[in-house]
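Results of the structural survey
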Amino acid sequence: MLSESDRAFFRPKWRRVTVTLFCFAWTILEWVSNEPIWAMIAAGITLYCLWNFFYKFEEETDEDNTPAS
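Numbers given for residues are sequential positions, taken from 1 along each chain in its written order. pLDDT decides what is reported in this predicted model: residues at 70 or higher carry local features, side-chain atom pairs at 80 or more are listed and counted, and totals for whole chains, interfaces and linings draw on all residues regardless. Each side-chain value is derived from all of the structure's non-hydrogen atoms; neither hydrogens nor water enter the calculation.

**Section: the state of the cysteines**
Note the threshold: Two cysteine sulfurs form what is called a disulfide whenever their separation falls within 2.5 Å. Buried, partly exposed and exposed residues are distinguished by accessible area as a fraction of the type maximum, computed with a 1.4 Å probe on protein chains only: under 20%, between the cut-offs, and over 50%, respectively.
Within this structure, the stated rule accounts for zero disulfides. Here C23 is not cross-linked by a disulfide; its sulfur's nearest cysteine counterpart is in C49, at 4.0 Å. A relative accessible area of 7% means that C23 is categorised as buried.

If you want it as C-alpha cells, here you go:
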C-alpha cells in the first residue's frame, strides 16, 4: 500500500511510468545476464509497480478538489 506521501510523489504519471519501465528494464537485464533469481525478483517488483501505479492508483480529479457549497 502506498502512503499519502508516496501517492503525492507519484501523482505525476511520468514518474509512475519511469519507475515501472526502469524495473522492467532491470528484469530484462537480469534475464539476459542469466540471473534467474534476480530476474524473478525484478519481475515481482515490476508487477507490484503495475498493480499499485496503474490498477489501484487513485488519480485526483478536479471534482475531488472543489469545495462543497
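Okay, back to it.
**Concerning the packing of helix α2 (residues 13-32) against helix α3 (residues 36-55)**
Inclusion rule: To obtain each axis, a line is fitted to C-alpha atoms, and for helices this fit is confined to the stretch in contact; angles are then taken between N-to-C directions over 0 to 180 degrees. Only runs of H or I of at least four residues qualify as helices and only runs of E of at least two qualify as strands under DSSP, and these elements are numbered from the N terminus. Roughly parallel means an angle under 35 degrees; roughly antiparallel means over 145; roughly perpendicular covers 65 to 115; every other angle is labelled oblique. Two helices that cross are described as forming a left-handed crossing if the nearer one is turned anticlockwise from the farther one by less than a right angle, and a right-handed crossing if clockwise. Contacts are assigned to residue pairs that have any heavy atoms within 4.5 Å of one another. We call Asp, Glu, Lys and Arg charged. Ala, Val, Leu, Ile, Met, Phe, Trp, Tyr, Cys and Pro are nonpolar, and the rest, Gly among them, are polar.
Two elements in contact, α2 and α3, have axes whose closest approach is 8 Å; the angle formed by their N-to-C orientations is 160°. Classified by the interaxial angle, the pair formed by α2 and α3 is roughly antiparallel. Regarding α2 and α3, the two cross each other, and that crossing is left-handed. Counted together, R16, V17, V19, T20, C23, F24, W26, T27, E30 and W31 of α2 and P36, W38, A39, M40, A42, A43, I45, T46, C49, L50, F53 and F54 of α3 form the full contact between these two elements. When grouped by side-chain class, the residues that make up the contact of α2 with α3 number 17 nonpolar, three polar and two charged.

**Notes on the environment of W31**
Within the secondary structure, W31 is located in helix α2. Distance in space between the C-alpha atoms of W31 and A43 is 9.9 Å, their sequence separation being twelve residues. Once residues within four sequence positions are removed from consideration, W31 is found in contact with P36, A39 and M40.

**Notes on the side chain of R16**
The criterion, for reference: In the analysis that follows, any N or O atom pair within 3.5 Å is treated as a polar contact, provided that within protein one partner can donate a hydrogen and the other can accept it, and provided that, for residues neighboring in sequence, both atoms belong to side chains.
Mapped onto the fold, R16 is located in helix α2. Since its relative accessible area comes to 1%, R16 is described here as buried. In this structure the side chain of R16 is engaged in a polar contact, spanning 2.9 Å, whose partner is the backbone oxygen of F53.

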